[in-house]
Amino acid sequence: QVQLVESGGGFVQAGGSLRLSCAASGRTFSNYAMGWFRQAPGKEGDFVAAINWNGGSTAYAESVKGRFTISRDNPENAVDLQMNSLKPEDTAVYYCAARRFMMVVTTASRYDYWGQGTQVTVSS
């Protein structure tokens, strides 16, 4: 079992930055690939970014490429999402997820554990 707790959400103006963090506890963190997903009101959830077990491989949604960066710190059991040049369409609840296998995947159904989410609101 892995417990995930997100933090760092908030309110920011368009063009601003936020850094989300996800703290993991439970099993050996380095055994898990990690991902970030988001869900805007009234919309389906979307993949945002993912990182493999050692940070050597990452994947991003086209809508966030060049603006968001995912990273992880295995000794600290943490994964971060640096979000720059934020746009109003980035407004959503952001969820951290863990996958028992080490490789990057972008499909939500392939993740095994989820955090409770953190709200990000970007004003125009």
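Counting restarts for each chain: residues are numbered from 1 in the order of the written sequence. Local features in this predicted model are restricted to residues whose pLDDT is 70 or higher, and side-chain atom pairs enter the listing and the counts only when it is 80 or higher, whereas totals over whole chains, interfaces and linings include all residues. Note: side-chain values were computed over all heavy atoms of the structure, leaving out hydrogens and water.

Participant: What exactly am I supposed to notice about the pairing of strand β7 (residues 68-73) here?
Facilitator: If a strand is regular, its side chains alternate between the two faces of the sheet. The alternating pattern of β7 places F68, I70 and R72 on a buried face, while none of T69, S71 and D73, on the opposite face, is buried. Strand pairing requires that DSSP identify at least two bridges connecting the strands. Only DSSP runs of H or I with at least four residues qualify as helices, and only runs of E with at least two residues qualify as strands; both kinds are numbered from the N terminus onward. Note that β7 and strand β8 (residues 78-83) share 6 bridges and pair antiparallel. Bridging across to β8, R72 finds its partner in V79. The antiparallel pairing of β7 with β8 creates a hairpin that spans 4 residues between the two strands, and N77 there sits at a positive phi of about 55°. Exposed residues in this analysis have more than 50% of their type's maximum accessible area, buried residues have under 20%, and partly exposed residues fall in between, with area computed by a 1.4 Å probe over protein chains only.

Participant: I keep staring at the packing of aromatic side chains and nothing clicks. Help me out?
Facilitator: The geometry of an aromatic ring pair is captured by the separation of the ring centres together with the interplanar angle, meaning the angle of the planes. Classification of ring pairs rests on two measures: the distance between centres of Phe, Tyr or Trp rings, Trp counted by its six-membered ring, which must be within 6.5 Å, and the angle between planes, read as stacked under 30 degrees, edge-to-face over 60 and tilted in between. What the rule picks out here adds up to 5 aromatic pairs. With centroids separated by 5.3 Å and ring planes inclined at 75°, the aromatic side chains of F37 and Y111 adopt a geometry described as edge-to-face. Pair noted here: F37 is in strand β4 (residues 33-39) and Y111 is in the loop between β9 (92-99) and β10 (113-114), with a separation of 74 residues, a long-range link. For the pair shown, F37 and Y111 are each scored as buried. An aromatic cluster is present here, built from F37, F47, Y111 and W114 joined pairwise through their rings. A positively charged side chain is recorded as over a ring if its NZ (Lys) or CZ (Arg) lies within 6 Å of the ring centre. The angle to the ring normal must also be within 35 degrees. When the ring centre of F29 is taken as origin, the NZ or CZ atom of R72, which lies over that ring, is 4.4 Å away.

Participant: Could you clarify how one ought to interpret the pattern of salt bridges in this entry?
Facilitator: When the charged atoms of two side chains lie near each other, side chains of opposite charge can form a pair. What makes a salt bridge here is a side-chain nitrogen of Lys or Arg within 4 Å of a carboxyl oxygen of Asp or Glu, nothing more. Inspection of every chain in the model, using the stated rule, returns 5 salt bridges. Two residues, D80 and R19, come together in a salt bridge whose shortest N-O distance is 3.2 Å. Residue D80 is found in strand β8, and its partner R19 is found in strand β3 (residues 18-25); the two are separated by 61 residues along the sequence. Residue class for D80 comes out buried when judged on its relative accessible area of 16%. For the salt bridge of D90 with R67, the shortest nitrogen-to-oxygen distance reads 2.7 Å.

Participant: Looking at this structure, how should I read the side chain of N52?
Facilitator: Structurally, the position occupied by N52 is in the loop between β5 (45-51) and β6 (58-60). According to the relative accessible area criterion, N52 is buried, its value standing at 6%. Of the polar contacts made by the side chain of N52, one reaches the backbone nitrogen of S57; its length is 2.9 Å. In this view, N52 contacts A33, S57, R72, M102, M103 and V104; residues no more than four positions away in its chain are not counted. The term polar contact refers here to a pair of N or O atoms within 3.5 Å; inside protein, the definition further demands a hydrogen-donor-capable atom paired with an acceptor-capable atom, and it admits residues adjacent in sequence only when both atoms are side-chain atoms. We call two residues in contact when some of their heavy atoms are within 4.5 Å.

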